[in-house]
Amino acid sequence: MPPEVDLPADEPARVRAVWEGLGLPGLVDVHTHFMPDRVQQKVWAFFDALEEHVGTAWPIAYRLPDDERVRRLADLGVRAYTALNYPHKPGMAAWLNDWTADFAAGAPGCVPSATLYPEPDAPAYVAAALERGARVFKAHVQVGEYDPADPLLDPVWGLLAEAGVPTVIHAGSGPHPGRFTGPGPVAEVLGRHPRLPLVIAHLGMPEYDEFLTLAERHPGVHLDTTMAFTDFIADRHPFPDALLGRLADAGEKVVLGTDFPTIPHPYLHQLEAIVGLGLGDDWLRAVLHDNGARLLRVDAPG
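Remember, predicted model here, so these are calculated numbers, not experimental data. Residue positions are counted from 1 within each chain, in the order its sequence is given. Owing to the predicted nature of the model, reporting of local features is limited to residues with pLDDT of at least 70; listing and counting of side-chain atom pairs is limited to 80 or more, with chain, interface and lining totals taken over all residues. Side-chain metrics in this entry use all non-hydrogen atoms of the structure; hydrogen atoms and water are not considered.

## Let's talk about the layout of surface pockets
The gaps of empty space that remain are located by a probe, the size of a water molecule, rolled over the atoms.
Consideration 1: A pocket here means an open set of points on a 1 Å grid, computed over the protein atoms alone, that has protein on both sides within 12 Å along at least five of seven lines. A cavity is instead a set of points where a 1.4 Å probe fits but cannot get out; residues with an atom within 4 Å of a point line either one. Grid points are joined across faces, edges and corners, and a volume is the space filled by probe spheres set on the points. If you add up the space inside the largest pocket, you get close to 990 Å³.
Consideration 2: Put simply, the second largest pocket is a space of about 180 Å³.
Consideration 3: As for the second largest pocket, its lining consists of 14 residues, and the residues nearest its centre are Asn97, Ala101, Ala128, Ala129 and Arg132.
Consideration 4: Listed by contribution, the elements that provide at least two residues to the lining of the second largest pocket are helix 5 (93–105), strand 4 (113–115) and helix 6 (122–132). Secondary structure follows DSSP: runs of H or I at least 4 residues long count as helices, runs of E at least 2 residues long count as strands, and numbering of each begins at the N terminus.

Have a look at this one:
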């Protein structure tokens, strides 16, 4: 049996204390996952097998049915979140987008999400997803094993730049490098589409410096905190202390991400790790709520 994660019984109260103490209406998490069940089970099976194959145990903290996970996010005070899916081969993205749109329609707080893949019909299904109301996309360069600068994606990036809709892109070389990971291909895309909104997942782990530089140079490039600063990642890909000043200065470009539900620690631990950086309450308010709300066009509470 895969190892379990010890979740604090008072986790909702402790998470709420973080954002309430900052005077926020809740959290906006740009990097969470909800998937069709057969896809989700395959993803979890992959992580369950990690210890056997690479010697790294990855327990899954929130191995729960969809409806229970939706309630858990509500209990934590996550007022907006995403349902990021990603294909690993051609022919998947369009039906994933249909599933995700239907899921968001029935899940309060879920921002309509979509995905893409370099294939001839990508412009058509991306346009359809935008028409249906998608406000965030997901690109997983590592899992999909594709070049984000592939010419087949050029019209897609153009559509997303024109719409001002961000893409959460896993392009860093952590936890292990792929053929097209790293800042180079992303920089090439931005060279063609300088207004493209991108959210670099995991702060670009482990190429933190290079991806932070892209965020500093391009107005639409943001960075999400997914798993950064947690004990699990700090032991493997620590964020350099020398970059903390630049991260503080880039406060309007940093957004909360967690990778819920497939995380090896409580949701609370991600928040405590971010708070523990000591970058100030204004920075925290921007990262934990305001930047994500702006980027995902989340209405103010009323």
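## Observations concerning the environment of threonine 82
Consideration 1: The topology assignment puts threonine 82 in strand 2 (residues 78–82).
Consideration 2: Once the C-alpha coordinates of threonine 82 and arginine 217 are considered, the two residues, 135 residues apart in sequence, prove to be 26 Å apart.
Consideration 3: Each residue touching threonine 82, except ones within four places of it in the same chain, is listed here: Asp29, Val30, His31, Thr32, His33, Phe34, Cys110, Val111, Ser113, Val136 and Leu296.
Consideration 4: Each polar contact in these results corresponds to two N or O atoms within 3.5 Å; when the atoms are within protein, one needs to be able to donate a hydrogen and the other to accept it, and residues that are neighboring in sequence are counted only if both atoms are side-chain atoms. Only 3.0 Å separates the side chain of threonine 82 from the backbone oxygen of valine 30, close enough to count as a polar contact. Any pair of residues with heavy atoms lying within 4.5 Å of one another is described as a contacting pair.

## Description of the pairing of strand 8 (residues 221–224)
Consecutive side chains of a regular strand alternate in pointing toward one face of the sheet and then the other.
Consideration 1: Buried residues are those whose accessible area, probed at 1.4 Å on protein chains only, stays under 20% of the maximum for their type, while exposed residues exceed 50% and partly exposed ones sit between those limits. Residues of strand 8 alternate between two faces, with Val221 and Leu223 on one and His222 and Asp224 on the opposite face, all of them buried.
Consideration 2: Strand pairing is assigned whenever DSSP identifies at least 2 bridges connecting the two strands. As defined by bridge partners, strand 7 (residues 198–200) adjoins strand 8 across three bridges and the pair is classed as parallel. Following the sheet pairing, isoleucine 200 is matched in strand 8 by leucine 223.
Consideration 3: One crossover worth recording links strand 7 to the parallel strand 8 by way of helix 10 (residues 208–217), and it is right-handed.
Consideration 4: As defined by bridge partners, strand 8 adjoins strand 9 (residues 254–255) across two bridges and the pair is classed as parallel. Its bridge partner being in strand 9, aspartate 224 is matched across the sheet by valine 255. For crossovers, right-handed means that the path from the first strand over the helix to the second runs clockwise, given strands pointing away from the viewer.

## Description of helix 1 (residues 11–21)
Consideration 1: Those residues of helix 1 that sit buried are Glu11, Val15, Val18 and Trp19. For helix 1, the angular spread of buried residues about the axis comes to 85 degrees, placing them on one side. Away from its buried face, by an angle of more than 90 degrees, helix 1 presents the exposed residues Ala13 and Gly21.
Consideration 2: Buried residues in helix 1 make contact with strand 1 (27–29), helix 4 (66–76), helix 13 (267–275) and helix 14 (281–295).
Consideration 3: Glycine 23 occupies a position one or two residues after helix 1 and carries a positive phi of about 75 degrees. The arc in question is the one traced by the directions running from the helix axis out to the C-beta atoms.

## Some points on unusual backbone geometry
Across the chain, the bulk of peptide bonds are trans and the bulk of non-glycine residues have phi less than zero.
Consideration 1: That bond from glycine 174 to proline 175 is cis: its omega, 5 degrees, falls within 30 degrees of zero.
Consideration 2: Locating proline 175 in the fold gives a position in the loop between strand 6 (167–170) and helix 9 (183–192).
Consideration 3: Cis geometry is found at the peptide bond from methionine 205 to proline 206, where omega equals -5 degrees.
Consideration 4: When you line up the elements, proline 206 lands in the loop between strand 7 and helix 10.

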